[in-house]
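# Observations on chain architecture
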Amino acid sequence: MSSLIVFLVAFPLVVGGLLLGIRNSKLRNVIVVLAGLVVAGASIVTAVTFGNGDAVFFGLPNGLTLGRSLLVLEIAIAVFVVAVSIQHRRILAPVLVLGQVAVSVYLELSGKMPELEPGRLFWFDRLSMIMVLIIGIIGTLICIHSLGYMRDYHRSSPLIKGRRTVFFCLLFVFLGSMFGLVVSNYLPLMLIFWEVTTLCSFLLIGYTRTKETIGYAFDALNMNMLGGLGFSVAILMLAGQPDGLDLAKLTAGPATAALLPALALLCLAGLTKAAQMPFSRWLLGAMYAPSPTSALLHSSTMVKAGVFLLLRLSPAIAGSSLGTLVAFVGMLTFLFVSLVGVTEQNTKKVLAYSTIGSLGLIVGCAGLGSPELIWVGVMIIIFHALAKGLLFLVVGTIENRLYSKDMENFDTLLSRLPLVSALALTGIAGMFIAPFGVVVAKWTAIRAFLEIPGWQGAALLVIMAFGTSLTLFYWGKLLIKVLSMRSVSEYERSVEKRISRFEWLAEISLASGVIGVAAFLGVISEQVVGPYALATFKGTSQSFLHIEPVILATMIAALLFLPALALWASRHEGYNTADFYAAGRPVTSGGVMGMALGATQTVTLRNYYLDGVVNGKLVFRVGTIACGVLLVTLIAVGMVAR
Amino acid sequence: MSFFSKSPWILHYDASSCNGCDIEVLACLTPLYDLERFGVVNTGNPKHADILLITGSVNERNIDIIRNLYRQMPDPKVVVAVGACACSGGIFARAYNIQGGIDKVLPVDVYVPGCAARPESIIDGVVQGIGALEQKRRKSA
Amino acid sequence: MDRQGFLARVGEYHTNGWRLAIINATTVPPVDAAEPGIFEISWGFAKDLEFETIREQVTTADEVPSVSDFFGAAFLYENEMRELFGLNVTGIGLDLGGQLYKTSVKIPFSHAAVKARLAATAAATAAASGKKA
Amino acid sequence: MNPIVFGVLFILIAPIFGGLLAGVDRIVSARMQSRVGPPLLQPFYDLGKLLQKEARQVNPIAEPLLLGHLGFMAATGAMLVGGTDLIFVAFVFALAALFLVLAAGSVNSPYSFAGAERELIVLLASEPFFILMLAAICKVTDASSYQGVLSSAVMVAPKLPGILLAFTFVATIKLRKSPFDISTSHHAHQELVSGLTSDMSGRLLAYVELAHWYESAILAALVVLFFNWSVPLGLLAFAVVYGLEVLVDNSTSRAKWQLVLRSTWVVTLLLVGGNVLALFLIK
Amino acid sequence: MKRTIVPFGPQHPVLAEPLVLDLVLEDEKVIDAIPTIGYIHRGLEAMVDRVEYTEMGFVVERICGICSFMHGMGYCLALESIMSVEVPDRARWLRIIWAEISRIQSHLLWLGLGADAFGFENLFMHCWRMREEILDIFEKTTGGRIIHSVNRIGGVKRDISDSELIAIVARLDGLGKAFEATARVFANDPSIRHRMSGVGVLSMADARAVDAVGPMARASGVRMDTRLAGQNLYDQIEFEPVLETAGDCLARVVVRMREVRQSIDLIHQMVDKMPKGEGLPLENKPRGNPSGETFTRLEQPRGEVVYYVKANGTKYLERFRARTPTFANIPAMIKLVKGCDLADVPNIILTIDPCISCTER
C-alpha cells in the first residue's frame, strides 16, 4: 500500500523532471501518453487495492522517516519564490513565504514539533480514493489533451515563446503533488504539497510571460501564499496540542474550543485555494493561461485541494459558529459569482465563475456538515471535475479553431463544429441541466437545508434558489449560442477535421465519463460517497439518493438529449436555413438579410447581459467585501473562542 | 376533419395603401365587427398565417417584400387583395411608381373591391378566403 | 446660384428663430428644353404665423448646398430632391445614398420624365376623344 | 390508487383542461373588450389546424427541441401529481421551459433570438419562486410528494399566505399574461412580432400551444397544493387566480423586461423570503 | 463588440405601414437606428401630369386614409386661393366641423394603436369602439367612412341639416363622456406610466431644432398650431392650442387626449356660430383653369401640412406638393429612437403618430 502511494506521488515528479529535458515533440508525445497511462493505471490500482474503503493509515515504506526533508523543501520553495519576486520586483509574496519559513524554522529549531507517529503519515479513505481517481484519470486526460492543444496554441499565437518542456514538466509535478496532498494525514507534509501546487499554478498561469499574465500569476501566488501562511500558523498553534498535527484525529469529531483558532486558519487556507470570495480574483486571472491549465487547475486539482481540506475539516467545524461562517462564505460566493456570471461574455470566465460557484456550494456543505451535505459536496466534486474538465478542454479546442473565447462568437457552433458541440453540450448538460449531476446534488442540498433550523436554513434556501436560477441564465445563453444553426461553407466545415487525436481522445473520454457517472450514479452513491458521508459523520445507515425509475429515466433522457440531437442534426440536410422571419425582408442562405438603405448583412446576435440591472463589477466588489467581512469575523470568532 | 374553416389566421401587409383599407382591416378586429368570432387572429407573422390580406398595390420597393412574405407562409395559403389599389392599382394606377394590382406578383384568390373597402366586404372576403383555403387543402391532401 | 449669399440668408433665418417648413423643387417648363433643364427650388421658412421663401433656379449641373448645417431636418427634403429631381445636393447631413425611394422611373421629375408623362396624357386624351368620335 | 395512475391521467386530461381554459380565457377577454369572442372550442380548432398545416422548419433541431419542451412539460405534470419529489419537479419544470428557449434560439434569427433571451429572463425571474415555493410546502407539511402534501394534516395556505400571494404574481409570467408577456404574445402587436414563436409554424407551433396547456394545468395542480385539505377548494382558488390574471391581462400594458425581473425578484425576496423565514423561525 | 441587429419592418405588426428601421441593440438598448422608407411611395404628386386639376382632389384625398378629409380640404383651399374663389360661409363652417370630427377620429385611432403597441389590447378595443361612432357620423353626413369626397373647389358637395348638426353635437357629447373613462386610464394607469412616462423625451429646444410639428411639438411645449393663423374661421371661435411641457411619450398622449376634448368643444362653438337654415349656398364653382402658385398651410391631426400648388393656366397643374406632418416629424423620431430600449421603439414611433403613406405620397 504505502509503496504504491509513494509511487503515485513520486512517479509523476520523476516524469516531470524527465520531460524538462525533452525537446523532441514526437518523443514527448510518447512519453506523456505512456506516463499518463501509468499514472491513471496506478491510481486505479490504488483504488482497487484499497478495497473495502475504510480509512487506513500508513507511513513511508521500509520505515523511512521524513527527517528534516520538509524543512529543506520549504526553504527551497522560499528561495525560488524570493528569487522570482526579486526578478519581477514584487514584495508581498516573499514576505508571505518568508513568514512561513520563519514559522517552520522556529518549530524545528525550538523542538516544539511534536513526535510524529511514523505509521500515520498518510491517510487513505474513500474521499482520498475519489480524489486519486479524479487526479489520476482526469489529470492524465488533460495532459494528453495538452499535446494537441499546445501545438495549435503556439501555431495560433506565434508571438508567445514556446516553453513546452516546462509546461509538461509542470503538469506532471502538479499531478504528483496533488496525489501527495490528498493522501497526507500529517499536516506539515500536506503543507509542502500545498505549497508545491501553489508554485506550479503560479508558473502555469504565468506561462506566456506577458506583463498581464505575470500580474495574474502573482495574484494567484499572493493569495495562495496568504492561505499557506495561515496553514503554517495553524500548524504552529496545533503543534502544542496532542495529536494536533494528525488530521484524522483532529477531525474525528467536533473540535474543542482550544482548536478553533487553528481550524479557522486552516479554513482560511482552504478558502484561498478554493478561490472563494474575497480570493476569487486569482482564479479569474488564471483564465488567461492556456486552457489545459484552466482545466487542470480549476476542475480536478488546484481548487479541489481547497475544498478537499474543508471537507476534511467538516466534522470538526460543523455545528460551530466557525462552520456556519465558512458555509456562508461559500454560499454567498456561490450567489455573487453566479450573479456576476450572467454579465460575463468571455466563455472561460463564465466557466470560472461557475467553478467558483460550484466550489462555493461544496464549501457551504462542508461548513454546515451533515451526512447529506457531505454527500452533496463529494458528489459535486465528482460531477464538476468531469463536466468542467471537459468544458475547459472543449472551450480550449474551440478557441484554437475560432480564435476567440467570446461566447458571442460561438453562435452556430453546431453547424460549424458539430462534434465539438456535442461534447460541449455533454459538459453543459453535466453541469446544470436538471435533473442531472450537480442538480441532483442541489436537490439533495435543498432537502438538507430544510432541516436546518432558524434563519440560517431560510437564508440558505433563498441563496440556493436565486443562485441556481442565475446559473440557469448563463448556461442557457451559452446553450443558445452553441445550439443555433445556419448553413456553413465547405471551409467552415473543414475546420473541425484539423483537431488533433489527443484532443478528441481526452474530450471523448471525459464526455463518456460524464455519462458513465450519471448511469452509475446509484452505485457511486451507495458504494462510495454514501458510506464515506456516514463514516465521516458517524451517521446511521441511510440512502441519500432518492432515485426512482422515473427520475433516473428523466435524468438519462435529459443528459443524452442535447448531445444526441447535435450529432443527429450534423448529419441532417434539406432544411431551408434561409427561411427565417426578418420582418418581411428578403433572407438568403448563411443568414444574410436585407437591411436599411438597400444594404445586406449577416445576422448578428448578442446575448443579454442584464445591462442596467446587474452591474457585474459592482456585484463582484460587494461580494468580495461581504465575504471579506465574514472572513475577518470568521478568524476573529476563532480567536475569541480561545 | 378540417379545421381550416374554423381557424383562419391572417397576415396583413400594407403594400402601398393610403391607410384607408389598412385601418378598415384593423377595424374588422374591433368590437363592432369582431372578426375573432370566426376564429380569425391577426398574427402579424407570415409563418403563422393562413390568409394574406394585402392592401395597396405593387411598387418597385415592396415587390420583393410581398413575394417574400408569401413565400414564408406555410401551405395551404390564400391571398385576399383588399381594396381597389390591391385589385388593380386603383386611382394610383397611373402613378409612376405603381406597377399594378397584387396579381402582378401573387396568385390572388379573392378580390375585395372598394375605396376604401368596407369592413363588411373585408369580412366577406375573408370568408371567401376560407373557402379557397379549404379547396387548396383538399387538393393537396 | 450664389452659394455664399444663399447660405448666409438661410443662416439668418436660422438665427432669427425661423423653422424650416418645406423645401420644394419644381420642374420648370418648357420640359422639352435641351438638358440640363431648369428647376426651381423654394426653401420655405415659418415663424409663428409668417411664412417666407427663398427661391433659386438651378440646373442639374449646379451644385445645391445642403442646409442641414442649420436645419438638421432638411436631410429628408434634400435626399428626396436628389432622387426625384436629380439635383446635385451636396453635404447632406444624413446622406441616404440614393436609397430613400426606389422608383420604377428613375428621376421621375426630370425634364425627360415629365415630358414623357405629358405626352402619354396627350396620347390618352387623343385616343379617348377619338373613341368618342 | 397508485400515484403513477395519476401521472398518466394528468398526461391525458391536462390538454383538455388547458385547452378549455384557453377557450374560456379568450371569451372572457373578448367580453371585457366589448366583443363576442370566439367559440369555446376555438383553441382546439386552432391546434387542429396547426397540426394539419405545413411546418416550415428553419433547422433540423427546432422540432426535436420543441418535442423536448412538450415532453418535459408533460413529464413535469405527470411527475408532480405522480408523486415524485416536489423539489425535483421544480428542476424539471425549469428544464422544460428551457427547451422552448433553446428551440427559439436555435433559429439564429433576430426576433426568435430576442424572444428566447427574454424568455430566459422571465425564467430567471420566476425560477427562484418555484424552488422556494415547493421547498416551503415540503417544509410545512413534512412531506416530499404531491400525495404526501395532500394527506398532510397541516393546512398549507394559512401557513404560506405570502407565497400564495406571490404565486398570483409569478403565475402572470407562466400564463403569459400582460404585463409579463414580454417574450411572446398572443396579441402579436409587439416589438418582437411573435417573439419566441416567430419562426415556428404548423405543428411546431402546435407543440408550443399544447405545452402551454400542460403548463396551465401544472399551475392549477400547484395551486391545489396550497389548499391541500380540499381539492375542489384548490381548483376553485385556481379559477379565482386565473380570473384575476385575465383581469390583469386586460387592464395593464406590457412591462419591460427590467421591471419584470426586478419586481419578480423583489416580490420573491420579500413575500416568499419573508414567509420562508417566518416558517423557519416559528417552526 | 458584437451587437444584435433587429430588422424593424417593413412588415411589422406594431405599425401597419411599412417603415424600415435597422435597430442596433446592446441587450435591448438601441445604439443606432438606420431608417429607410419608400415602400409606399406611389409618386402621386407627379399625377398632376396625368390627371386634370378638377380630379386631382380625389387623388390628394388618398394621400392618406386617416386624414383624408383634411387633404381634400387643403387641396381645395390651395386652388381656391389661386383661382380667387369665394367659398360660401356655411360651406366654410361645415368644412372645419368635418375637419375637427376627423381630428377626433384620427386621435382615437391613434390612441388605440398606441395602446396596442404597449400591449394594452383592451384599451385599443375601446378606443376603436368609440371611433366607430365618429365613422358613423361621417358615413351619415358624407356617405363614406374613410374617403369622403365632400370637398369641392369652391365649397362642399353636401350639407348637414341643422337638426342633424345638433344630433351630432349631442352624440359627440356622449362620446366625450365615454372618452373620459378611457382618458383616465391613459393618464393614470401605473403600467402605462411605466411605459410612457419619461420615455422618448424631446425637449423644447430639440423639438425646435428638428423642426417638429403638431402634437409632437406641442407636447414639448412649443406653441405651434396652424389654426392660430385664423384662416378657416378659427379666429371667430375661442381657440388656444393644447400644450404640454414634459415632452415624453405620455405628454404626447395627453396632448392628443386633450385635443379630442378640445375638438368636441370647438365643434360646439362652430355649430353655434355658423349660419343656420336650409338651402344656403354651398359652392361657388370656379371658372377657367388655374394660374399662379401658392403655399397653403393647414393643421392636420398630426400637425402642420404644407401644400404647394403651381398652375400654369392649363387643365394640368405644373406642380403639386404636400409636405405632410409625418415628413417633418421623422427626424425627431430618429433622434428619439437612438438610446431608447427596444420595447420603447413602438411607443416612440407611434407617439409621433406616423403616417408613412402621407410621408411618401
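Please read these numbers as outputs of a predicted model, since none were measured by experiment.

Procedures and definitions
Residues numbered from 1 in each chain as written. Chains lettered and ligands numbered in written order. Predicted model: local features only at pLDDT ≥ 70, side-chain atom pairs only at ≥ 80, totals over all residues. Heavy atoms only, no water. Helix = DSSP H or I, 4+ residues; strand = E, 2+ residues; numbered from the N terminus. Rg over C-alpha atoms; globule rule 2.2 N^0.38 Å. Buried < 20%, exposed > 50% of the residue type's maximum accessible area, 1.4 Å probe, protein only. Contact = heavy atoms within 4.5 Å. Areas by Shrake-Rupley, 256 points an atom, 1.4 Å probe, with all protein chains shown as cover. Lys, Arg positive; Asp, Glu negative; His and termini not counted. Charge placed at Lys NZ, Arg CZ, Asp CG, Glu CD. Phe/Tyr/Trp six-rings, centres within 6.5 Å; stacked < 30°, edge-to-face > 60°. Buried area = accessible area lost by both parts, 1.4 Å probe. Salt bridge = Lys/Arg side-chain N within 4 Å of Asp/Glu carboxyl O. Polar contact = N/O pair within 3.5 Å; in protein donor to acceptor, adjacent residues only side chain to side chain. Nonpolar A, V, L, I, M, F, W, Y, C, P; charged D, E, K, R; others polar. Pairing = 2+ DSSP bridges.

Within chain A, the regular secondary structure consists of 25 helices and 5 strands. Computed over the C-alpha atoms, the radius of gyration of chain A is 24 Å, within 12% of the 26 Å expected from 2.2 N^0.38 for a compact globule of 642 residues. With the C-alpha coordinates aligned to their principal axes, the bounding extent of chain A is approximately 85 × 60 × 45 Å. Each of the 642 residues in chain A was classed as buried or not, and the buried ones make up 68%. Long-range pairs, those at least 24 residues apart, make up 82% of the contacts in chain A with a sequence separation of at least 6. Summed over all atoms, the accessible surface of chain A reaches about 20,200 Å², with 65% contributed by carbon and sulfur. Positive and negative side-chain charges of chain A, numbering 43 and 29 respectively, have mean locations separated by a distance of 8 Å.

Moving on, we get to the packing of aromatic side chains. All names here are of chain A. Considering all chains together, one arrives at 42 aromatic pairs over all chains under this definition. On the basis of an interplanar angle of 35° and a centroid distance of 5.5 Å, the ring pair of Phe 328 and Trp 455 is categorised as tilted. One end of the pair, Phe 328, is in helix H14 (residues 321-341); the other, Trp 455, is in helix H20 (residues 454-483), and 127 residues separate them in sequence. Residue classification places Phe 328 among the buried residues on the basis of a relative accessible area of 8%. Take Trp 455: its relative accessible area is 46%, and that puts it in the partly exposed class.

Let us now look at the interface of chain B and chain E. Every contact between the two is made by 38 residues of chain B and, on the other side, 40 residues of chain E. Note on chain B versus chain E: buried area summed over both sides is about 3,300 Å², and carbon and sulfur give 64% of it. Per-residue buried area on chain B facing chain E is highest for Ile 23, Arg 61 and Arg 94 of chain B; these three make up 18% of the total on that side. The tally of links between chain B and chain E comes to 2 salt bridges. Between Arg 118 of chain B and Glu 139 of chain E there is a salt bridge, with the nearest N and O atoms lying 2.6 Å from each other. Summed over the shared surface of chain B and chain E, the result is 15 residue pairs in polar contact (both at pLDDT 80 or more). Sorting the residues of the side of chain B that touches chain E by element identifies strand E1 (9-14), helix H1 (20-27) and helix H2 (63-72) of chain B as the ones contributing at least two each. Among the elements that take part in the side of chain B that touches chain E, H1 of chain B stands out by supplying 5 residues, more than any other. Class assignment of the residues belonging to the side of chain B that touches chain E gives a composition of 22 nonpolar, 11 polar and 5 charged.

Right, let's talk about the pairing of strand E1 (residues 19-27) of chain C for a bit. The side chains of a regular strand alternate, first on one face of the sheet and then on the other. Residues and elements named next belong to chain C. Within E1, 9 of the 9 residues are buried, which leaves it mostly tucked inside the rest of the structure. Bridging between E1 and strand E2 (residues 38-47) involves 8 bridges; their strand directions are antiparallel. Across the sheet, the residue bridging to Thr 27 is Phe 39, located in E2.

Taken together, the 67 residues of chain A in the interface contact 63 residues of chain D. Roughly 5,700 Å² of surface becomes buried between chain A and chain D when both sides are summed, with 79% attributable to carbon and sulfur atoms. Inspection of the chain A/chain D interface yields 2 salt bridges. Residue Arg 56 of chain D pairs with Asp 579 of chain A through a salt bridge whose shortest N-O separation is 2.8 Å.

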